[in-house]
Amino acid sequence: MTDDLLRVENLGIKFGEFEALHDITFSLPKGILVGLIGPNGCGKSTMMKCISRLHTDWTGKITIDGQDTSGFKAKDVAKMVSNVQAETGPLLGTTVMEQVMIGRYPFVTKVWWESPEDERIVREALKTFGLDHLRRKAVALCSSGEKQRALIAKAYVQDPKLMLVDEPTSHLDMKYKLEVMEYLQSMSRKDMTVLVAEHDISLMARYCDVCIIMKKGRIVTIGDPKKVITEDLIREVYEVDARVGTDADGEIYVLPKKYIRRCYARILCSGIDNTGRSCRVLSVRRLLRSH
């Protein structure tokens, strides 16, 4: 018996000939905030979609709270796992309360499903996330910070054991970035595990208990951000020279300095071909230069 809430073993998925994830293996306990970090296209969003079974054609094994999810439908997984996606579809006049209420869908048992209990849960969530006074406002008219809080509240009312959050701060200013991370951190302190895919490494290092670093569909390392986020790691994963430091409060910050340009040197070499005649061979070698 294990205390792991999420266990991923040898997870892999291909789209045609492209291998998006390869041999992903890790486990997470209950009640922590986890940062999922890596360059664009490294497989962060794909992995989260596999966990929530939005992608189903994967290999390996995913266990959530002791249950193998390989035979589950997406609606079954949604009773344990909630998603906050990076991009939302058309809002079509939906109010804040209506959007948050959608989070109760996995528990629908009737055609007319907005029960008094559903309304109570949603109103409490609206108050928790500072949205109750906006409940009748169209989501399309809300600020970026309000929209993001509404999306998190929608995921929250699913009462999940695991919350998957994809780039929650990408369109937010500094104030709302910190606000959103404070909300996510507070939820993890209530026995919910929150997995956040994010590009702001300094933000992840500040708030997360654990960071998972990915590159090209593979996990590079997992651990305490204060230990695993180093200048060498940033160079290896992002191909960027950066300074990693610690501020007066002991928090890590990452300051990008310059990118590393991939250059190719063409070298003309002399040689002998398979007939014994002399020939010249063009050798292409990759070099790394900082700019």
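Here's a quick rundown of the structure. Note that the structure is predicted; figures quoted are calculated from it, not measured.

A few words on the packing of helix 5 (residues 144-156) against helix 6 (residues 174-188). The geometry of helix 5 relative to helix 6 is characterised by a closest axis approach of 10 Å and an angle of 10° between their N-to-C directions. Considered as vectors, helix 5 and helix 6 are oriented roughly parallel to each other. In the packing of helix 5 onto helix 6, the handedness of the crossing is right-handed. Between helix 5, through G145, Q148, R149, I152 and Y156, and helix 6, the contact on the second element is made entirely by Y176, E179, V180, Y183, L184 and M187. Residue composition of the contact of helix 5 with helix 6, grouped by class: 7 nonpolar, 2 polar and 2 charged.

Formed by 49 residues in total, the largest nonpolar core has its most connected members in V96, M163, L184, V194 and I229. Setting aside chain neighbours within four positions, we find V96 in contact with L126, L131, L134, R135, K137, V139, C142 and A150. The next biggest cluster of nonpolar side chains, apart from the first, holds 31 residues, and it includes F26, C42, L195 and M214.

Spatially, 6-7-8-3-9-10 is the arrangement adopted by the 6 strands of the open sheet, whose pairing is mixed. The open sheet has two free edges, formed respectively by strand 6 (81-84) and strand 10 (218-223), since each of these has just one partner strand. For this sheet, the mean inter-axis angle between neighbouring strands, taken without regard to orientation, is 15°. Direction of pairing for strand 6 relative to strand 7 (residues 162-166): parallel, over a ladder of 4 bridges. When the sheet's bridge partners are listed, V81 is paired in strand 7 with L162. Where helix 5 meets the sheet, it contacts strand 6 and strand 7, and its direction lies at approximately 170° from that of strand 6.

Parameters and conventions
Residues numbered from 1 in each chain as written. Predicted model: local features only at pLDDT ≥ 70, side-chain atom pairs only at ≥ 80, totals over all residues. Heavy atoms only, no water. Axes fitted to C-alpha atoms, helices over the stretch in contact; angles between N-to-C directions. Helix = DSSP H or I, 4+ residues; strand = E, 2+ residues; numbered from the N terminus. Parallel < 35°, antiparallel > 145°, perpendicular 65-115°, else oblique. Left-handed = near helix turned anticlockwise from the far one by under 90°. Contact = heavy atoms within 4.5 Å. Nonpolar A, V, L, I, M, F, W, Y, C, P; charged D, E, K, R; others polar. Core = buried A, V, L, I, M, F, W, Y, C linked by side-chain atoms within 4.5 Å. Buried < 20%, exposed > 50% of the residue type's maximum accessible area, 1.4 Å probe, protein only. Pairing = 2+ DSSP bridges.

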